[in-house]
Amino acid sequence: MAREAMIGSRLQHPNIVETLEFNEIEGRMFLALEFVEGQTVEELLIQTRNEGQEGLPLDLALEIIIQVLKGLAYAHRLTSPEGEVMGIIHRDLKPGNIMVSRHGIVKVMDFGIAKAKVACATITAAGQVRGTPIYMAPEQVTGKPLDGRCDQFAAATVLYELITGR
């Protein structure tokens with residue numbers, strides 16, 4: 001929870017779920033996140049399948065991914081107060097970590113295993129593999145050094161799933 005709070009507190013973008021507070025009450029840590037009224041993309045895909053469709057309409061799939069990529073680009077380019085690029089990588093982008101609000105705003109959530117290259121937010125040891133395998137870039141699966149391209153690979157995989165339903 002502390003890592004998600006550290007990274008999440010620095011991310012302030014319309015396409016990323018906002019971290020509102022990270023604190024401790026009576027010895028228990030809590031993380032308060034923005035409430036997004038809507039559904040995950042995973043739920044949207046399930047609903048689409050239940051309606052007998054194989055995927056989302058192309059324009060909707062593209063709109064979802066464009067908003068996801070805007071949020072990720074922001075995270076990848078975010079700088080620390082000292083001006084250093086933090087290099088925040090989500091590392092677990094998948095339909096269950098993308099929300100679509102009832103107003104059509106798409107938000108990336110769950111930066112729980114995110115990684116940043118700056119010392120104050122480094123999360124996992126070098127070579128440690130974290131994430132959901134079917135959405136991982138080859139370099140992520142093999143534990144090689146990562147950058148924002150692994151999130152782009154995951155976004156492309158999600159786009160494929162949105163279009164095909166598989």
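Residues numbered from 1 in each chain as written. Predicted model: local features only at pLDDT ≥ 70, side-chain atom pairs only at ≥ 80, totals over all residues. Heavy atoms only, no water.

Participant: Please provide a residue-by-residue account of the environment of S9, values included.
Facilitator: Mapped onto the elements, S9 comes out in the loop between α1 (2–8) and β1 (19–25). Relative accessible area serves as the criterion here: at 38%, S9 is assigned to the partly exposed category. (Helix = DSSP H or I, 4+ residues; strand = E, 2+ residues; numbered from the N terminus. Buried < 20%, exposed > 50% of the residue type's maximum accessible area, 1.4 Å probe, protein only.)

Participant: Pulling in residues and values, what's your account of the pairing of strand β4 (residues 98–101)?
Facilitator: Side-chain alternation along β4 places I98 and V100 on one buried face and M99 and S101 on a second face that is also buried. Relative to β4, strand β3 (residues 38–40) is paired through three bridges, and the arrangement is antiparallel. Each residue of the ladder has a partner; that of T40, found in β4, is M99. Across three bridges, the pairing between β4 and strand β5 (residues 106–108) is antiparallel. Directly across from M99, in β5, lies its bridge partner K107. Counted along the chain from β4 to the antiparallel partner β5, the turn is four residues long, and its residue G104 has a positive phi close to 85 degrees. (Pairing = 2+ DSSP bridges.)

Participant: Tell me about the pairing of β1, and please be specific about residues and values.
Facilitator: Pairing of β1 with strand β2 (residues 28–33), which is carried by six bridges, proceeds in the antiparallel orientation. Its bridge partner lying in β2, E21 is registered against A32. The turn joining β1 and β2, which pair antiparallel and follow one another in sequence, is formed by two residues; a positive phi near 50 degrees is taken by E26.

Participant: Which residues make up the sheet that holds β5, and what are the values?
Facilitator: Spatial ordering of the open sheet is given by β3-β4-β5, a layout of three strands whose pairing is antiparallel. The sheet is open, and its two borders are formed by β3 and β5, each paired with just one other strand. Direction aside, the axes of adjacent strands within the sheet are offset by 25 degrees on average. Helix α2 (residues 41–50) rests against β3 and β4 of the sheet, and its axis sits at about 85 degrees to β3. Together, β4 and β5 form the strand contacts of helix α3 (residues 58–77), whose direction differs from that of β5 by roughly 45 degrees. (Axes fitted to C-alpha atoms, helices over the stretch in contact; angles between N-to-C directions. Contact = heavy atoms within 4.5 Å.)

Bear in mind that shape data such as this cannot, by itself, settle questions of function.
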